[in-house]
Structures are given as C-alpha cells and as structure tokens.
Amino acid sequence: RRPPRSTLMRSSAASDVYKRQVSTQSTGHKLCKEFKMTASTSRIMLVGDANVAGNVHGGVTLDLIEQTALIAASRHLARKQDNATVRAGLVRVEETSFVAPLFIGDVGRFEASVTCVGNHSLEVTVDVFAERLSKGGGEERMLTNRATLWYVAVEIRDKLMVGVHTVPPLDPPQNAEATARYEAQKALRAKTSHVRRTNTSPRLDTRLPSAQLSQVVLPADCDVYGYLRGGILMKMMDNACGIAAAKHARTNVVTVSLEAIDFHEPIRCGEVVFVTAFATFASSRSLEIEVVVDAESILENRKRMCTTTAFFIFVSLDKHGRPLPLKPLVAESEAEKTRFAQGQERYEARKQRRLPKN
C-alpha cells in the first residue's frame, strides 16, 4: 500500500542520510569513519519559517545550521574509545554572512563536516544550499550560507557537566592550516573570557533603539541532556536584534551577517533567558546591533549575566528587496558615544576583511 503523500514528504528529508548509511555499510570501515564526522539534512521551507518580507527568517536558518553541525560533532565524538557520556557543547560561531536568501518553497540543504579538532574542541563547517525546485527547467542549487561552529567535548554524569573530554583525532590527520584556525579561535575566545566573570550586563540605559525578549527554557528547546540548544538561542537573538533594527529603520530589515557569537556559559532547562538587543552603530547602508543574553534560575534565585554575546548586522530593504539608505544613529551620552566608536572600528574591520587579498 502506497504511504500517504504527507509521509512521503517527511521521509524525503532523510533520504540522503539513509542512502549514505547504506553506502557506508556496504563499502567498509574507511567510509564508515568518514560518515561519522559528516551530516546532511534537507527540508522544504514552509510559511511558518518566513519573516515579514516572506523570505526564510535568518533565525530559522541559524537554528538549522546548528542542528546539522551538532549531528556532525556528536558523530565524531562517538568515535571515542571509552564509555563516557560526552556532549558537544556549542561555544562559538565564527563571523557568518548571509550570501543569498532562502525563499519559501525552496528545499534548504545543510551539509556539515568536522574540519578541525583540538584536545577538547572541534570545528564544524556547514554549507547551506537552496534548491529551487519550482522554477522548471531542472533543479537550481545555490549556496546561501557558510558557517563555522566550534564545540567543546563535555563529559556528562547524571545530566550534569563534570568536565571536558578528549576529542578523537581526525582521520586522515588535519593539516597545518586547520591547526592554525584552532589556535586562532582559542585566542579569540580567551580575549572574551572576562565576560564570564562579570556581575553586571553591559546593557545600556539608552534612548537608542532596543528590544528585550524573555522566555522560560522548555524541554523542547533543549538537547537530550537538558541544556538549551545553541540554534534555539540564536533564533531568539536574531528576533530581538531584528526588532531593534526595525525600530531604527522603520522599514523591512534583514540580517546580512553576524560577528562571532561567544557562548560563555550553558543554560539549563527551566531557567529564564533574557535577550537584550540595542543599536550601537549605523553607516549609510548597514546597522550594527549588539545582543546580550542573561539567564536566571528562579528556583535557585540566581542570575548569570552575559552567558552569550554577539553583534548582528542588518540592512534596510524596500518592497522590491533593494537596499535603502539608513538614517544616522545619534549617540548623545558618553556610554553611547563609546559604543558608537567601537562599532565604527568593527565596521571598518569588516570592510577590510571583505577586500580581495593580493
């Protein structure tokens, strides 16, 4: 008996993974090891994934990127030689650009692979493709995003983190370029380590456009160990930043890139998260929004500030999707002027990174 159409649609998202499994099982140990450090997921983008402009919400894309990266990281950690329970904990997402939009009706394909490992951490690179199946003339496939995520191998006992665990090596071993990336991200994370020890959030008492979202962390938001998934949190951060950006532009705004996101501390099921976003800098075409995440355990009467920090970059678009100029962001207080100057430095650094290298 032929399955219902809805069942066939749901199963299509897993078809590539299933084929890869069958191929791996039939071709031996070498491909089996390759499979364990890769992941590929696909699904059609539906109306529930849309932003107000009708494209796929940037936060949805970030969540799906993290889901796929988590599978790849978890598969690699499963190659360990002992019986310890090890969780892949997201600690950093490198600077990421949204190269092209995903549209409703596209098939979003997310391909992840482990590309670098350290003693206790691993790098996962994710490519996002849009498959335009509705245009006719054959399948159109376009790269829309490329993201790099870093995970730490965390040992779990009784659903509590008890320490870090050694990460299995890559096979074949990684090259010198991959090792250099590992050392670079390690140094960058060390620069922001002071944030973990702060007792106050760097939120501004400001007139500038801002937004705050709060939400209790439910089981559906967590991994199997009861910790809030990074993808869920990134979606909340993008929502808050989008509100702050829209308040300034008063037009349709879209996420075009984000600075590195640092996840300083994990958040557990049952805690309340407070996501605060505020404008820090604006050029004539782009707007930088800083976002800070705080967490509170109501039952324990304990607050933790700056568990996650990042900067999101937005542009303003007209109804035809063309860029619109942004009005100036006027900083008046000393704190606002300081943040504006720091934002301008980051803006100039981003422009330099985009220049072609000789």
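Residues numbered from 1 in each chain as written. Predicted model: local features only at pLDDT ≥ 70, side-chain atom pairs only at ≥ 80, totals over all residues. Heavy atoms only, no water.

### Considerations on the nonpolar core
Now for step 1: Counting residues in hydrophobic clusters, the biggest one holds 69 residues, and the most contacted among them are Val124, Leu149, Tyr151, Met237, Ile261, Ile289 and Phe312.
Now for step 2: The leading source of residues in this core is helix α6 (residues 230-249), at ten residues.
Now for step 3: Membership of the second largest hydrophobic core comes to nine residues, among which are Cys116, Val154, Ile156 and Tyr182. (Core = buried A, V, L, I, M, F, W, Y, C linked by side-chain atoms within 4.5 Å. Buried < 20%, exposed > 50% of the residue type's maximum accessible area, 1.4 Å probe, protein only. Helix = DSSP H or I, 4+ residues; strand = E, 2+ residues; numbered from the N terminus.)

### Observations concerning helix α4 (residues 58-77)
Two residues of an α-helix separated by three or four positions point the same way, owing to the 3.6 residues in each turn.
Now for step 1: Here α4 spans 28 Å end to end across 20 residues, near enough to the 28 Å set by a 1.5 Å rise per residue.
Now for step 2: Counting buried residues along α4, 16 of its 20 residues qualify, which places the element largely inside the surrounding structure. (Expected span 1.5 Å × (residues − 1).)

### A closer look at the environment of Asn175
Now for step 1: With respect to the secondary-structure elements, Asn175 resides in the loop between β7 (160-164) and α5 (176-191).
Now for step 2: Residue classification places Asn175 among the partly exposed residues on the basis of a relative accessible area of 47%.
Now for step 3: With 59 residues separating them along the chain, Asn175 and Cys116 place their C-alpha atoms 8.7 Å apart.

### Side note on the pattern of salt bridges
Now for step 1: Under the definition given, this model contains 26 salt bridges.
Now for step 2: Note that Glu259 is salt-bridged to Arg350, the shortest N-O span being 2.6 Å. In this pair, Glu259 sits in the loop between β9 (252-258) and β10 (261-263) while Arg350 sits in helix α7 (residues 334-354), placing the two residues 91 residues apart along the sequence. The burial state of Glu259 is the same as that of Arg350; both residues are buried.
Now for step 3: Put simply, Arg302 and Glu300 hold a salt bridge, and the shortest N to O gap is 3.3 Å.
Now for step 4: What makes Glu300 exposed here is its relative accessible area of 52%.
Now for step 5: Because the salt bridges share partners, they merge into one network encompassing Glu95, Glu259, Glu288, Arg346, Arg350 and Arg353. (Salt bridge = Lys/Arg side-chain N within 4 Å of Asp/Glu carboxyl O.)

### Remarks on the confidence of the model for the protein
Now for step 1: Confidence in the prediction for the protein averages 84 pLDDT; 83% of positions are at 70 or higher.
Now for step 2: Within the protein, no element has a lower average pLDDT than helix α2 (residues 15-27), which sits at 37, and none a higher one than α6, at 96.
Now for step 3: With pLDDT under 50 throughout, residues 1-36 is counted as low confidence; its partners more than four residues away or in other chains account for 22 contacts. (pLDDT = per-residue confidence, 0-100. Contact = heavy atoms within 4.5 Å.)

### Digging into the packing of aromatic side chains
Now for step 1: Inspection of every chain in the model, using the stated rule, returns two aromatic pairs.
Now for step 2: With a centroid separation of 4.9 Å and an interplanar angle of 55°, the aromatic rings of Phe281 and Phe340 are classed as tilted. Remark: Phe340 occurs in helix α7 and Phe281 occurs in strand β11 (residues 272-282); sequence separation between them is 59 residues.
Now for step 3: Taking the centre distance of 5.3 Å and the plane angle of 40° together, the rings of Phe281 and Tyr347 count as tilted. Here Tyr347 lies in helix α7 and Phe281 lies in strand β11, a separation of 66 residues in the sequence. Each of the two residues, Phe281 as well as Tyr347, counts as buried.
Now for step 4: Following the ring pairs from residue to residue traces out a cluster consisting of Phe281, Phe340 and Tyr347.
Now for step 5: Above the ring of Phe129, the side-chain terminus of Arg141 is found at 3.9 Å from the ring centroid.
Now for step 6: Positioned above the aromatic ring of Phe311, the side-chain terminus of Arg346 is 3.8 Å from the ring centre. (Phe/Tyr/Trp six-rings, centres within 6.5 Å; stacked < 30°, edge-to-face > 60°. Lys NZ or Arg CZ within 6 Å of the ring centre and 35° of its normal.)

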